[in-house]
Amino acid sequence: MQSWRRKSLWLALLASWLLVLLGLFPLLRLSVPTSPWAGAPQGWPRWLDAELLQSFAKPGELLEDGPRPPQALRGGSCNWGACFDTSKCRGGGLKVFVYPAAGPVSETRRRILASVEGSRYHTLSAAEACLLLLLSPDTSTGECDPVPPQWDGGRNHLVLSLHPAPCPRTFQLGQAMVAEASPTVDTFRPGFDVALPLLPEAHPLRGGAPGQLRQHSPRPGVALLALAEDGGRWHVAGTDFSACPWDGRCEQDRGPKQTHPGATLPNATFCLIPGRGPDVLHFLQALQVLTALQEMPLTRVLALRQQTQFLWDAYFSSVEKVIHTTLEVRGIHLMGALVFGSASSLPLSMPLSSDTSSALIIQDRIFGPSAHPSLLWNSPPGAILALPTFSPSPSDFPFYHLQQGSRPLGRFSALIWGGAPGQPPLKLIQAVAGSQHCAQILVLWSSEKPPPTRWPKTAVPLTVIDGHRKVSDRFFPYSAISTDAILSLDAHSSLSTSEVDFAFVVWQSFPERMVGFLTWSHFWDEARGGWGYTAKRTNEFSMVLTSAAFYHRYYHTLFTHALPKALRTLADEAPTCVDVLMNFLVASVTKLPPIKVPYGMWHQEARPPPLEPGGPGLRQEPQPAAQNCINQMAAGFGHMPLVSSRLRLDPVLFKDPVSVLRKKYRSLEKP
Amino acid sequence: MCASVKYNIRGPALIPRMKTKHRIYYITLFSIVLLGLIATGMFQFWPHSIESSSDWSVQKRSIRDVPVVRLPADSPVPERGDLSCRMHTCFDVYRCGFNPKNKIKVYIYSLKKYVDDAGVPVSSTISQEYNELLTAVADSDYYTEDIARACLFIPSIDLLNQNALRVKETAQALAQLSRWDRGTNHLLFNMLPGGPPDYNTALDVPRDRALLAGGGFSTWTYRQGYDVSIPVYSPLSAEVDLPEKGPGPRRYFLLSSQMALHPEYREELAALQARHGEAVLVLDKCTNLSEGIPAARKRCHKHQVFDYPQVLQEATFCVVPRGARLGQAVLSDVLWAGCIPVIIADSYILPFSEVLDWKRASVAVPEEKMSDVYSILQSIPQRQIEEMQRQARWFWEAYFQSIKAIALATLQIINDRIYPYAAISYEDWNDPPSVKWGSVSNPLFLPLIPPQSQGFTAIVLTYDRVESLFRVITEVSKVPSLSKLLVVWNNQNKNPPDDSLWPKIRVPLKVVRTAENKLSNRFFPYDEIETEAVLAIDDDIIMLTSDELQFGYEVWREFPDRLVGYPGRLHLWDHEMSKWKYESEWTNEVSMVLTGAAFYHKYFNYLYTYKMPGDIKNWVDAHMNCEDIAMNFLVANVTGKAVIKVTPRKKFKCPECTAIDGLSLDQTHMVERSECINKFASVFGTMPLKVVEHRADPVLYKDDFPEKLKSFPNIGSL
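Conventions and cut-offs
- Residues numbered from 1 in each chain as written.
- Chains lettered and ligands numbered in written order.
- Predicted model: local features only at pLDDT ≥ 70, side-chain atom pairs only at ≥ 80, totals over all residues.
- Heavy atoms only, no water.
- Helix = DSSP H or I, 4+ residues; strand = E, 2+ residues; numbered from the N terminus.
- Buried < 20%, exposed > 50% of the residue type's maximum accessible area, 1.4 Å probe, protein only.
- Contact = heavy atoms within 4.5 Å.
- Areas by Shrake-Rupley, 256 points an atom, 1.4 Å probe, with all protein chains shown as cover.
- Lys, Arg positive; Asp, Glu negative; His and termini not counted.
- Charge placed at Lys NZ, Arg CZ, Asp CG, Glu CD.
- Expected span 1.5 Å × (residues − 1).
- Patch = residues over 30% accessible without salt bridge, like charges linked within 9 Å, V, L, I, M, F, W, Y side chains within 5 Å.
- Salt bridge = Lys/Arg side-chain N within 4 Å of Asp/Glu carboxyl O.
- Pairing = 2+ DSSP bridges.
- Axes fitted to C-alpha atoms, helices over the stretch in contact; angles between N-to-C directions.
- Polar contact = N/O pair within 3.5 Å; in protein donor to acceptor, adjacent residues only side chain to side chain.
- Domains from an automatic or database assignment.

## Overview of the overall build of chain A
Phase 1: Helix and strand counts for chain A stand at 18 helices and 20 strands.
Phase 2: Considering chain A as a whole, with its 671 residues, one finds that 56% of them fall into the buried category.
Phase 3: A separation of at least 24 residues holds for 73% of the contacts in chain A among residues at least 6 apart in sequence.
Phase 4: Looking at chain A as shown, the accessible area adds up to about 28,900 Å², and 58% of this sits on carbon and sulfur atoms.

Take a look at the structure:
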């Protein structure tokens, strides 16, 4: 009995302990609800009866939601199609009429007027204009404009104000588009209005200084971040800033690292321009922005750096660029927001988010859809130089083959500029037609005399085009040109088939550049205080002669439609200038030198005697009058775009002491 | 959270007493203990119906069992949506500060059933799609269980279809959420907003500052940069299988499949059909379908019956006009079929338009231009049409296909706004995989010729050939643009020579000792490299002249994104063996340069060390060979460009010693190098090397010109 009793007692004790433990266990679990050992909660439950759930819409609901008549337009909000009469632009493309200024005109305003008037969009008639440009009154004159005569509720108007208006507008903006710097989110109509950069008074009219970066990657040991402070000062944070987390403690350290007001931008990888919010630093800390910047992969830092330079150079560096960007090339492609990414909502400024490719959003509703606005806007050379009217397909341009994974078409068109009396250039035609890459030969006949009736028989089609007897004709985008590559020739050029073949193969590797045989180089002439150029053989060159050069046919479109008319007229008046002009154009687009390929010296000896002056033909040493043209071009472009090169591309085995049988381009080596 | 409930259920704990005299007492005690045990056991292992939310998830549960919440009639209603809200005014970013790695954390409220005072439910508890949506969020990286650390809150109240809920009561339900706080940082999903007769374009439920992911926004209701425009999901996507149809011409040019079209639109379309005949097909509801066939799957034109959505694949363009609502589920079907949507709905904010470039996949035609739609579409070139067809299908696959895709795209957009510096790029959002695969985005894309004054850093990899090393150092130091010399001492068993023994040169000389004898040490991004240009040079390359090296640097400046080297090599496709072959003969082409002496941008050192695909880096170190081929592959792959061979130089070791070109050694060497090419091509998944027929020489090289006037006269030996 006793033992039974003891046993049962122990058993009861044991059982009760067990009970207590089991009872405690769930209590423990509750007391630490989020600890991971508690069975790792799986979030949203998997419902047993999930299969039985109804769809959010009844079967017919998505198909028939009750038709409704088109809505009448509500005031206050505008978008394309609603507030813009595109039919006015169908005829002559984008024609812009500028209301003449009343009273004195400020410098900025004069610059804007000049840049519109000098552009190809400008028209003098308000009736035929597709867009009417109204410059907002200046701060300096202080006069308020009356309602313009053709206002019509602001339809097809663009009101441009680079500075905040000094007086309240006397009229409602209504359906007019507004282009202004720092618009507020509340009044800005995305996709309709345009946000502009705030331009300093001294912003150059044309050209503009290139970006300041001289290398792709940041220098080692450079500060990570510089913070803009009041009065144009910058506070530079070193790479070791993480030890000093932007709280009160670091405030004291600020003194020595500050720059003086007016100093150039600080030497830092990122620059931060805080908005008006007082607690930017608090914000940065909360979102660990600095850590994110520090951990940002090098690849992205490099991309951001380069993109700042590209954007600056393509759209910001001059008044003209800003205005053209606003108008966009032929068709009011509006920049939806120049507020980079969400710069207005987060005080992270341009260098941080400038490669968010949505930075520039264009609306090209007038001229129909264009395929890749983003690519055109966000990669070199930029949308001002990549005319969307040229082609909807980026692969047709010389610039985007890498991004598109495409290649330029495998053949070329020879464009021979002729017009001098005498026999057709038989030898030249035979040599060019002998190339396996030649697709067609076009003879641009530019003489008073009728072209010869008989042309040599060639393996490829030969077409004679009647030119307009102007030198600039040779760069007109003739529809007969069917290939990406053009081999531009003079009737008196002398080339061998081997030279043509090799040069074309080289061009395929550099489709955005000019590939030529004869070169000129430019130099700064201290004595005359201007630019000069020479045809003398030197160790470097910056121009190739278009009397024998390969280039992309897109440059004909650019030459004819994007160059200011004044420059083309200049070239027509001084024919040697046309080479300079074409080289300026290509260099300002590519920012790179042209490419030289070997050219047999024997051509020069076999050359016919010089031709009548002024006519197209061989251009040897530029005449003194022509020397002036390079300076006029430089003034027209606003800067000197030419870049020098010190190399020539030769065939791999060029003049090597190996059996000539191994060489593919053996005839290039003729003495 | 239900702790109090728990205490009430549990029985009182039992404490057995030691002193007692009656057997009956023990038996009672024993049975009580036993009962207690059983009760506890049952409590432990029984499905917990009213347990804490964390316990729910572990088990499968039924929706019928969700807790019921009664909303008093006078409970607060949120303000109407604040139209002026923007991320910087209405969104509290500080809540996102806890989130690691630039990722917002999202909390989902637990599911409840809301009833009014009379016990009538406010809405159906949850729809199939909303359940899918919340499941997708909960399964994603965004999800957190911890309400205190969440940055974004998603109510489990289903708002997808406004017709299925009671507006005021739903708003009251929102207002009583534990972290509601005027809706700050709350995200609501809605696909069918508004209701008859005026069909508002945004959800009518008052929601104060909450973000709205809505289908069918118009420019008047959409808060740019705050709301997210989402598609109206088409449940057909889950029911039907519609294999991709390649781009190209299709039977109909323009098709309309909408059942409920306003008569005005239908007249316009009928007129188009009359004018263009077969090219235009206008479909309508079928009137005489036999029983059992769902109306959603058939469309009719006169008496002809078509299968839907298959018929959409027969058309190049499909019109998507506005209905009562701006957002139409048919948009999803149209994209799915690879038909280019023609959006005829003025002021409609297209789905995900914040990030998606709709111009690449659709055509927008103003409502008043509807009669011109045919001519507008005709003006689009065929090449662009094909691109748009591909793009349309890709948009569907990536962002429309499933509720999950819609939910994750929405969260990604919000995430990108909060961490713009870590945002997904335009290309990643918009480029279909085929484009991403074929295209190259050169990391050094800016056309820039670095100034000559920067100079270059020469990196000499050496093991123990001190004498030869010193000769190389002396030679290289004669190059005008050299700015620093870095010797990478790869021998761990031997110390580098004493400081006093090194040649005295005009630029800083630095010796780096490595921890292991690895070939990849040559391509390490040493902090000591301050210039962008790097000259990698072996410790036995003594033949290169100063002119050759200086010219090489000049060429690199003109091509800073390429490998610029001296002896060139070629890869060839061996048709017999069906594999790649390494070629070092006298060829007219080059695709590689040897890195025994080559200029390149120092960024490629970073890429080689940290971003080399696959196991190539280790493989090279293990085989002690082909590091140069690996570098050639790497650079060609990221830039899409060919190498530049400079000068005629064919060999750069001593011309008389033919060890490396010796016959027997040459054989194995060539086999090994060929193997490397095949190995790398398979790791890269492609052959990135580009073949060119040119090399770079000085402008006046071998020209009939006085030698002393040439910049680089001492060039030309092999």
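## Details of the overall build of chain B
Phase 1: Regarding its fold elements, chain B presents 20 helices and 25 strands.
Phase 2: Oriented by its inertia axes, the alpha-carbon framework of chain B measures out at about 105 × 105 × 55 Å.
Phase 3: Looking at chain B residue by residue over its 718 residues, the buried ones come to 59%.
Phase 4: Across chain B, every contact between residues at least 6 apart in sequence was considered, and the portion connecting residues at least 24 apart equals 75%.
Phase 5: Accessible area for chain B stands at about 29,500 Å²; split by element, carbon and sulfur atoms hold 54% of it.
Phase 6: Between the mean site of the 79 positive side-chain charges and the mean site of the 84 negative ones, chain B shows a separation of 6 Å.

## A short note on helix H12 (residues 403–418) of chain B
Phase 1: For H12 of chain B, with 16 residues, the first-to-last C-alpha span of 23 Å sits near the 22 Å given by 1.5 Å per residue.
Phase 2: Across the 16 residues that make up H12 of chain B, a large majority, 14, are buried.

## Description of a negative patch on the surface
Phase 1: On the surface, Glu 264, Glu 267, Glu 268 and Asp 372 of chain B cluster together to form a negatively charged patch.
Phase 2: If you trace the backbone, Asp 372 of chain B turns up in the loop between strand S14 (363–364) and helix H10 (373–378).

## So, the sheet that holds strand S18 (residues 548–552) of chain A
Residue and element names in this part refer to chain A.
Phase 1: Pairing in this open sheet of seven strands is mixed, and the strands run S12-S11-S10-S13-S18-S14-S19 from one edge to the other. Looking along the sheet, the strands with just one partner apiece sit at the ends: strand S12 (462–466) and strand S19 (595–596).
Phase 2: As paired strands, strand S14 (residues 515–516) and S19 are joined by two bridges and run parallel to one another. Residue pairing for S19: Val 515 is matched across the bridge by Ile 595.
Phase 3: Its contacts with the sheet put helix H12 (residues 426–433) on strand S10 (412–418), strand S11 (438–445), S12 and strand S13 (485–490), and the angle it makes with S11 is roughly 155°.

## Some remarks on the pattern of salt bridges
Phase 1: Scanning all chains against the criterion turns up 45 salt bridges over all chains.
Phase 2: For Arg 648 of chain A, the salt bridge goes to Asp 650 of chain A, with nearest N and O atoms at 2.7 Å.
Phase 3: Judged by relative accessible area, Arg 648 of chain A falls into the buried class, the value being 2%.
Phase 4: On the basis of relative accessibility, which here comes to 0%, the residue Asp 650 of chain A falls in the buried class.
Phase 5: One salt bridge in this structure joins Arg 557 of chain B and Glu 554 of chain B, with 2.8 Å as the shortest N-O distance. Taken together, the residues Arg 557 of chain B and Glu 554 of chain B, both in helix H16 (residues 546–558) and three residues apart, mark about one turn of the helix.
Phase 6: Judged by its relative accessible area of 3%, Glu 554 of chain B is buried.
Phase 7: Among the ionic contacts, a cluster of salt bridges with common partners joins Arg 537, Arg 648 and Asp 650 of chain A together with Asp 703 of chain B.

## Side note on the side chain of Arg 557 of chain B
Residue and element names in this part refer to chain B.
Phase 1: Judged by its relative accessible area of 15%, Arg 557 is buried.
Phase 2: Here Glu 554 takes part through its side chain, which lies 2.8 Å from a polar atom of the side chain of Arg 557.
Phase 3: Every residue in contact with Arg 557, bar those within four places of it in the chain, is listed here: Leu 448, Ile 449, Pro 450, Pro 451 and Gln 452.

## A short note on the domain arrangement of chain A
Phase 1: According to the domain assignment, chain A contains domain 1 (77–140 + 147–209 + 317–338 + 350–376), domain 2 (222–236 + 268–314) and domain 3 (404–601 + 624–637).
Phase 2: Each of domain 2 of chain A and domain 3 of chain A was reduced to a C-alpha centroid, and the two centroids are 45 Å apart.

## A closer look at the side chain of Ser 362 of chain B
All names here are of chain B.
Phase 1: For Ser 362, the location among the structural elements is in the loop between strand S13 (340–344) and S14.
Phase 2: For Ser 362, a relative accessible area of 5% translates into the label buried.
Phase 3: When near neighbours in sequence (up to four residues on either side) are disregarded, Ser 362 contacts Ile 340, Pro 341, Ile 343, Leu 350 and Met 388.

## Side note on the environment of Lys 112 of chain B
All names here are of chain B.
Phase 1: Inspection of the secondary structure assignment puts Lys 112 in the loop between strand S2 (106–108) and strand S3 (113–115).
Phase 2: Owing to a relative accessible area of 24%, Lys 112 belongs among the partly exposed residues under this scheme.
Phase 3: Spatially, the C-alpha atom of Lys 112 lies 73 Å from that of His 694, the residues being 582 residues apart in sequence.
Phase 4: Not counting residues within four places of it along the chain, the set of residues in contact with Lys 112 comprises Val 66, Pro 67, Val 69, Thr 125 and Ser 156.

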